[in-house]
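Listed here are the chains, written in short residue letters.
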Amino acid sequence: MKKYIVAANWKMNNDVRPSVDFAVSLSKNLLKLKQTEVILCPPFTSLFHISEILKVTSLKLGGQNMYFEKSGAFTGEISGSMLKSSGCQYVILGHSERRHIFNESDEMIQKKMTAALEIGLKPILCLGEKLEERQSGATHNVLERQFKSAFSVVSGDRLESCVIAYEPVWAIGTGVVATPEQASEAHQFIRELLKKQYGSEKAELMTILYGGSVKPSNAKTLIEAKDIDGFLVGGASLIEQDFIGISEIVERHLIAKET
Ligand code: PGA
């Protein structure tokens, strides 16, 4: 069965105490979700504390980034093993803010994919085109380049440990959400890339999230679109009612699909 996921990317927001309080409240309010997997990705400094809270819940924990080396003289970096020992099962890799503000290259993200999988973390690999790339008709080229680079190091038997998040850069934090048609078209293209590399059966089981200005008001039409299997939520994941609302929309969609 394909897993549906709603992941919260808190980015560089919330100190330790407010993060922990927020996680406590969210975990209580999301208890009733049975089918949707919810992943919280707080800042590094809150991971361990939040992992203690999430232990007795079904919510999962993820890091927002990691370095590819195991240890050593890399001031300011965090290793995969540090994330795991802080209670993470997931790690976001290749987020557009990492690619574009911190100049992470496809090659670096590829190394991070290898390192994450080796240590037993599940990468949430982000892909997405910039506005000028969409306008010039380069969207598929960009997605294909990012996909091929990251997945060239992923063997078929490790694919099920990976999640993809399609996040058009022009939709992140802008309030300009992709239409369900635009998002679905990109997701179908990514699914085709997966099929070519891994075959239909494995490709159909992959979770492909959409991210970029997701809110309770647009989540329903997005989740109903073909090949959209959940969300990576930034801004709205910091607003409790919004994040709960989005998670419940996904859960209701899954229940409706079953009946
Ligand atoms: P946004 O961010 O929901 O604030 O657009 C999404 C993301 O960056 O993952």
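Here's a quick rundown of the structure.

1. Description of the side chain of Glu-133
Secondary-structure assignment places Glu-133 in helix α6 (residues 131–135). The charged side chain of Glu-133 is buried without a salt bridge, its nearest counter-charge being Lys-130 at 4.8 Å. Setting aside chain neighbours within four positions, we find Glu-133 in contact with Ala-138, Thr-139 and Val-142.

2. Structural notes on the sheet that holds strand β4 (residues 90–93)
One closed barrel accounts for 8 strands, arranged β1-β2-β3-β4-β5-β6-β7-β8; its pairing is parallel. Across the sheet, the mean angle separating the axes of adjacent strands is 25 degrees when strand polarity is ignored. Bridging between strand β6 (residues 163–166) and strand β7 (residues 208–211) involves 3 bridges; their strand directions are parallel. Among the inter-strand pairings, Ala-165 is bridged to a residue of β7, identified as Leu-209.

3. Points about the packing of aromatic side chains
Taken as a whole, this structure holds 6 aromatic pairs when the rule is applied. Each ring, one from Tyr-67 and one from Phe-74, has its centre 5.1 Å from the other, and the planes form 45 degrees; the classification is tilted. The class for Phe-74 is partly exposed, based on a relative accessible area of 32%. Centre to centre, the rings of Phe-151 and Tyr-198 are 6.5 Å apart; their planes meet at 80 degrees, and the pair counts as edge-to-face. Pair noted here: Phe-151 is in helix α7 (residues 139–151) and Tyr-198 is in helix α8 (residues 180–198), with a separation of 47 residues, a long-range link. For Phe-151, a relative accessible area of 0% corresponds to the buried category. Aromatic rings pair up to connect Tyr-67, Phe-68 and Phe-74 into one cluster.

4. Some details on the pairing of strand β8 (residues 230–233)
Here β8 shows a buried face lined by Gly-230 and Leu-232 and a second buried face lined by Phe-231 and Val-233. Pairing analysis gives 2 bridges linking β7 to β8, with the strands arranged parallel. Considered in β8, the bridge of Gly-211 is made with Leu-232. Following the backbone out of β7, through helix α10 (residues 216–224) and into the adjacent parallel β8, one traces a crossover that is right-handed.

5. Topic: the site of the ligand
Near the ligand there are 13 residues, and of these Lys-11, His-95, Glu-167, Gly-173 and Ser-213 occur at the shortest range. Ser-213 is positioned such that a nitrogen or oxygen atom in its backbone is 2.7 Å from an oxygen atom of the ligand. Gly-235 is positioned such that a nitrogen or oxygen atom in its backbone is 2.8 Å from an oxygen atom of the ligand.

6. A few points about the nonpolar core
Counting 71 residues, the largest nonpolar core has Leu-40, Phe-151, Ile-164, Leu-194, Tyr-210, Phe-231 and Phe-243 as the members making the most contacts within it. No other element matches the 7 residues that α8 contributes to this core. Those residues in contact with Leu-194, other than ones at most four positions away along the chain, are Phe-147, Leu-159, Ile-164, Gly-199, Ala-203, Met-206 and Ile-208. Ala-7, Cys-41, Val-163 and Leu-232 belong to the second largest nonpolar core, which has 12 residues in total.

7. Digging into the packing of helix α1 (residues 16–29) against helix α11 (residues 240–258)
Between two packed helices, both the angle of their axes relative to each other and the distance between the axes serve to describe the pair. Between α1 and α11, the least distance of the axes is 11 Å, while the angle of their chain directions is 35 degrees. The chirality of how α1 crosses α11 is right-handed. The residues of α11 that touch α1, namely those facing Phe-22, Ser-25, Leu-26 and Asn-29, are Glu-240, Phe-243 and Ile-244.

8. Quick word on the pattern of salt bridges
Inspection of every chain in the model, using the stated rule, returns 18 salt bridges. With its nearest N and O atoms 3.4 Å apart, the salt bridge here joins Lys-226 to Asp-227. The buried category is assigned to Asp-227, whose relative accessible area is 12%. In the salt-bridge network here, residues are joined through shared partners; they are Lys-2, Arg-191, Lys-226, Asp-227 and Asp-229.

Thresholds, definitions, all that
Residues numbered from 1 in each chain as written. Predicted model: local features only at pLDDT ≥ 70, side-chain atom pairs only at ≥ 80, totals over all residues. Heavy atoms only, no water. Helix = DSSP H or I, 4+ residues; strand = E, 2+ residues; numbered from the N terminus. Buried < 20%, exposed > 50% of the residue type's maximum accessible area, 1.4 Å probe, protein only. Lys, Arg positive; Asp, Glu negative; His and termini not counted. Salt bridge = Lys/Arg side-chain N within 4 Å of Asp/Glu carboxyl O. Contact = heavy atoms within 4.5 Å. Pairing = 2+ DSSP bridges. Axes fitted to C-alpha atoms, helices over the stretch in contact; angles between N-to-C directions. Phe/Tyr/Trp six-rings, centres within 6.5 Å; stacked < 30°, edge-to-face > 60°. Right-handed = clockwise from strand over helix to strand, strands pointing away. Near = heavy atom within 4 Å. Polar contact = N/O pair within 3.5 Å; in protein donor to acceptor, adjacent residues only side chain to side chain. Core = buried A, V, L, I, M, F, W, Y, C linked by side-chain atoms within 4.5 Å. Left-handed = near helix turned anticlockwise from the far one by under 90°.

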